[in-house]
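Listed below, chain by chain, are the residues.
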Amino acid sequence: MKPANLLFILSDEHSRRVLGSYGHAMIRTPHLDRLAAHGVRFSDAYCNSPICVPSRAALATGRYVHNIRFWDNGIPYDGSVPSWGHRLRAAGHRVASIGKLHFRSAADDNGFDEELMPLHVVDGIGDPLGWLRDPLPVRKAALRLARDAGCGDSTYQRYDDDITAAAIDWLWARAAAPPGRPWVLFVSLVCPHFPLIARPEWYGLYPEAEIPEPALYAPHQRPDHPYIGAIRDCMVYDHAFDQKKRRRAIAAYFGLVSFVDHNVGRLMDALAKTGLSAGTRVLYASDHGDNLGARGLWGKSTMYEESAGVPMLFAGPGLPEGFVCHEPVSLVDFFPTIVAGAGLPANPEDCDLPGASLFDILRGTAPRRTLLSEYHAAGAATGAFMIRKGPFKYVHYVGMPPQLFDLEVDPQEARDLAPDPGWRGPLAECERELRRVVDPEAADALARADQAARIAAFGGREAILARGSFGYSPTPGTAPLYN
């Protein structure tokens, strides 16, 4: 594969189900759909943990969360585990970041030559409330989601305006610079992450009266599972919603997705105008999805497709056009992809990375591997572990019943096969496959031990509860809204 520059665009909380090229009938995403048409769309892409901080740590390091122990939004990546940025920078490549990182601090060496307007966790700590798992607290800040949702402006939209403008300026500067080794520009947008507030030009694309009800929303359709019930009781988002507020929230989310698409279009236009397109690949993904009301759930934190699934589009020199890859992939595949795309050999220290280069996956030469997503953070009554095996999605909960879905015949995950004795064979095979990758009981125990140590160092459970919670991380220069 010939080395090329990389424009890596990451959005925040974009469910792959809300994208035109993935089959959504209502959403307007012309620029992302064009990127898919000119490159590769990965139909079955996942995050490695459905919440911001551990997902981004796995993306940076190419390692699963239980290996790096950045478990939750209060234990952020600190540069101590080598990232793909470290590897490229050490080889003399320019690696820049613009926008949200959600690491510990810009004072850490996170692997970039420069971090422009970075968003890191609050006070270098983040969200200690996520350490409290026994019992789970009621996160009252979640009620703000319904209250805030609607038409208007927000700090997040203004932040994405600034990120996109800075990225365009960066591209023009690179185009004027002497040629050198391939560069990587990581542009990390914060939308469509809540608050679910969209400007009139985007909100107006989706009339509230035409917004459908979330999938499986009726009480009799919702899964009766202790893990999901615990999340509902902790993340009380749905308590504040009625039908009008649901439609308003979903319309705003759709509007924010179209706003993200608009900014992707601005970046693609800048690539073309600077003359950089011919030598630059473009990668688009998100750190996790959003349940968006499905099954009465909002935000992320579950292994359902809406939450754990992410869009993944890859286009540019050496890549096929208009191709759909159905091989399951995940964010840890980006580390070997970015290193290989820059023309670098793998570092010997990275020989045990669980991911594979997307180039090798597309060529059919990638080694056999098992895709894993895991969750140990806010709302998790126990450790949750998900794998894909053929058409099956298997979710293992430590100390709780597992779930098994056949995504080919049941893409909405409406029927859990695990309780059916007729599916004991596939269920056992999936559990064996999971245990080849991780010991779930040991990982769960390690996460709890690390979190218990943090609780003690902070001053105990009551000190954390007294600090309160905030619905979302503030943009640079603004303060969090505690509740």
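Details of the structure are given in the entry above.
Description of the structure in this document. Throughout, a residue's number is its position along its own chain's written sequence, starting from 1. Only residues with pLDDT of at least 70 are given local features in this predicted model, and only at 80 or more are side-chain atom pairs given and counted; all residues enter the totals for whole chains, interfaces and linings. Only hydrogens and water are set aside when side-chain values are computed; all heavy atoms of the structure are taken into account.

## Some remarks on the pairing of strand β1 (residues 5-12)
Exposed residues in this analysis have more than 50% of their type's maximum accessible area, buried residues have under 20%, and partly exposed residues fall in between, with area computed by a 1.4 Å probe over protein chains only. Numbering of helices and strands runs from the N terminus; a helix is a DSSP stretch of H or I covering at least four residues, while a strand is a stretch of E covering at least two. Most of β1 sits inside the fold, with 8 of its 8 residues counted as buried. Neither face of β1 is left uncovered, since the one carrying Asn 5, Leu 7, Ile 9 and Ser 11 and the one carrying Leu 6, Phe 8, Leu 10 and Asp 12 both have all their residues buried. Note: β1 against strand β9 (residues 280-286), 7 bridges, orientation parallel. Residue pairing for β9: Ile 9 is matched across the bridge by Tyr 284. Following DSSP output, two strands are said to pair if at least two bridges run between them. Sheet analysis places β1 next to strand β7 (residues 184-192), joined by 6 bridges and oriented parallel. Bridge pairing in β7 places Asp 12 opposite Pro 192.

## Observations regarding helix α11 (residues 334-341)
The element α11 is largely enclosed, with a buried count of 7 among its 8 residues. Three or more residues of α11 are buried, namely Phe 334, Phe 335, Pro 336, Thr 337, Ile 338, Val 339 and Gly 341. Phi turns positive, to about 90°, at Gly 343, one or two residues after α11.

## So, the sheet that holds strand β14 (residues 384-389)
As summarised here, the arrangement of the 4 strands in space is β13-β14-β15-β16, forming an open sheet in which the pairing is antiparallel. The open sheet has two edge strands with one neighbour each: β13 (372-375) and β16 (400-406). For this sheet, the mean angle separating the axes of adjacent strands, direction not counted, is 15°. Here strand β15 (residues 392-397) runs beside β16; their pairing, made up of 5 bridges, is antiparallel. Pairing of Tyr 397 across the sheet is with Met 400, part of β16. The contact definition used throughout considers only heavy atoms, calling two residues in contact when any of these lie within 4.5 Å. For helices, the axis comes from a line fit to the C-alpha atoms of the stretch in contact; other axes are also lines fit to C-alpha atoms, and the angle between any two N-to-C directions lies between 0 and 180 degrees. Sitting on the sheet, helix α13 (residues 424-437) touches β13, β14, β15 and β16, and the angle it makes with β15 is about 65°.

## With respect to the layout of surface pockets
Using a 1 Å grid laid over the protein atoms alone, points where a 1.4 Å probe fits but cannot get out form a cavity; open sets with protein on both sides within 12 Å along at least 5 of 7 lines form a pocket; any residue with an atom within 4 Å of a point counts as lining. Grid points are joined across faces, edges and corners, and a volume is the space filled by probe spheres set on the points. Volume-wise, the largest pocket comes out at about 670 Å³. Looking at the largest pocket, it is lined by 26 residues, and the ones nearest its centre are Arg 17, Val 18, His 24, Glu 306 and Gln 412. Taken together, the elements giving at least two residues each to the lining of the largest pocket come down to α9 (243-274) and α10 (305-308).

## Quick look at the pattern of salt bridges
When a carboxyl oxygen of Asp or Glu is within 4 Å of a side-chain nitrogen of Lys or Arg, the pair counts as a salt bridge. Applying the stated criterion to the full structure yields 37 salt bridges. The closest approach of N and O atoms between Asp 287 and Arg 56, which form a salt bridge, is 3.1 Å. In this pair, Asp 287 is assigned in the loop between β9 and α10 and Arg 56 in helix α2 (residues 52-61), connecting sequence segments 231 residues apart. Here Asp 287 and Arg 56 have matching classes, each one buried. With a shortest N-O distance of 3.6 Å, Asp 444 and Arg 133 are connected by a salt bridge. With Asp 444 in helix α14 (residues 440-458) and Arg 133 in the loop between β5 (114-119) and α5 (144-148), this residue pair connects regions lying 311 residues apart in the sequence. The class for Asp 444 is buried, based on a relative accessible area of 7%. Here Arg 133 falls in the buried class, since its relative accessible area comes to 5%. One salt-bridge network, in which partners are shared between bridges, spans Arg 16, Arg 17, Arg 295, Glu 305, Glu 306, Lys 393 and Glu 413.

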